[in-house]
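The primary structure of each chain is shown beneath.
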Amino acid sequence: MIATKEMLRCCRRCGLYRTRRNVVIGRGDPNAGVVFVGEAPGEKEDEQGLPFVGRAGGLLDFVMREISFEIPYYITNILKCRPPNNRNPDSGEIERCLPWLISQLEIISPSCVVTLGGIAASVLLPSLKARRISAIKGKFYNTGTTVIYPMWHPAYVLRNKSRLKEFIMDFHLLKVNLK
Ligand code: URA
């Protein structure tokens, strides 16, 4: 099924509709060859209805500028509504929300999906669920329909500044492989 933005804005598939201010669908180029997928909207995203507009998004913008990442992209999340107090998404919320992401990926049909953080990686690469994000990130996984490239979540890098250099290197590897 091809979902529309109007359908998504009315979604009540899980309880998060009770506390959300906005459904955060995604932003960027709908014809992009690369789609970034984070975990769930935070406070700023819920307020503005756009993904990665807070501090984590600021780090993504900084790294993209640093390495001149000029490739058109689209960015979204596994969950389209903010979990209260930014708690982790629960498995029921992920299960109910996932058809929206699958529909977005069907429409955009990117050649590469970049997962940001352990939750997005475990949802889109379930066969690697048991492995730590640090062990699987920075490598390309061909799923048959697309290629998945897991990376650390920028919020994790903000909390662990010693990871910044490696995060930039992973981003650079992405850039040269997308060309
Ligand atoms: N963290 C996420 O995973 N997604 C956002 O949109 C913002 C912060």
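Structure first, text after, so check above.
Residues numbered from 1 in each chain as written. Predicted model: local features only at pLDDT ≥ 70, side-chain atom pairs only at ≥ 80, totals over all residues. Heavy atoms only, no water.

Some words on the pairing of strand E6 (residues 147-151)
Where burial is concerned, most of E6 is hidden: 4 out of the 5 residues are buried. Where strand E4 (residues 112-116) and E6 come together, 5 bridges link them in parallel fashion. Its bridge partner lying in E6, Cys112 is registered against Val147. Pairing geometry for strand E5 (residues 141-142) and E6, over 2 bridges, is antiparallel. Looking at E6, one finds that Tyr141 is bridged to Ile148. Between E5 and E6, which pair antiparallel in sequence order, lie 4 residues; one of them, Gly144, sits at a positive phi of approximately 100°. (Buried < 20%, exposed > 50% of the residue type's maximum accessible area, 1.4 Å probe, protein only. Helix = DSSP H or I, 4+ residues; strand = E, 2+ residues; numbered from the N terminus. Pairing = 2+ DSSP bridges.)

Topic: the pattern of salt bridges
Summed over all chains, the structure comprises 5 salt bridges. The shortest N-O distance in the salt bridge between Glu47 and Arg21 comes to 3.9 Å. With Glu47 in helix H2 (residues 43-48) and Arg21 in the loop between helix H1 (5-9) and strand E1 (27-28), this pair connects stretches of sequence that are 26 residues apart. Looking at Glu47, the relative accessible area reads 41%, which means it is partly exposed. Here Asp170 and Lys137 are joined by a salt bridge, their closest N and O atoms 2.9 Å apart. With a gap of 33 residues between them, Asp170 in helix H8 (residues 164-178) and Lys137 in the loop between helix H6 (133-136) and E5 connect regions that are remote in the sequence. (Salt bridge = Lys/Arg side-chain N within 4 Å of Asp/Glu carboxyl O.)

Regarding the pairing of strand E2 (residues 34-38)
Counting buried positions along E2 gives 5 out of 5 residues, so the element sits mostly inside the fold. Strand direction decides the pairing type here: E2 and strand E3 (residues 73-77), joined by 5 bridges, are parallel. Bridge pairing in E3 links Gly38 to Asn77. Note that E2 and E4 share 4 bridges and pair parallel. Pairing of Phe36 across the sheet is with Val114, part of E4.

Some points on a nonpolar patch on the surface
Taken together, Phe140, Leu173 and Val176 make up a surface patch of nonpolar side chains, about 220 Å² in accessible area. Relative to the helices and strands, Phe140 is located in the loop between H6 and E5. A relative accessible area of 31% means that Phe140 is categorised as partly exposed. (Patch = residues over 30% accessible without salt bridge, like charges linked within 9 Å, V, L, I, M, F, W, Y side chains within 5 Å. Areas by Shrake-Rupley, 256 points an atom, 1.4 Å probe, with all protein chains shown as cover.)

Notes on unusual backbone geometry
Phi is positive for Asn86, close to 60°, though the residue is something other than glycine. Looking at the secondary structure, you find Asn86 in the loop between E3 and helix H4 (91-108). Look at Ser109: it is not a glycine, yet its phi comes out positive at around 50°. Residue Ser109 is classed as exposed on the basis of its relative accessible area of 55%.

Remember, this is a structural readout, not a statement about activity or role.
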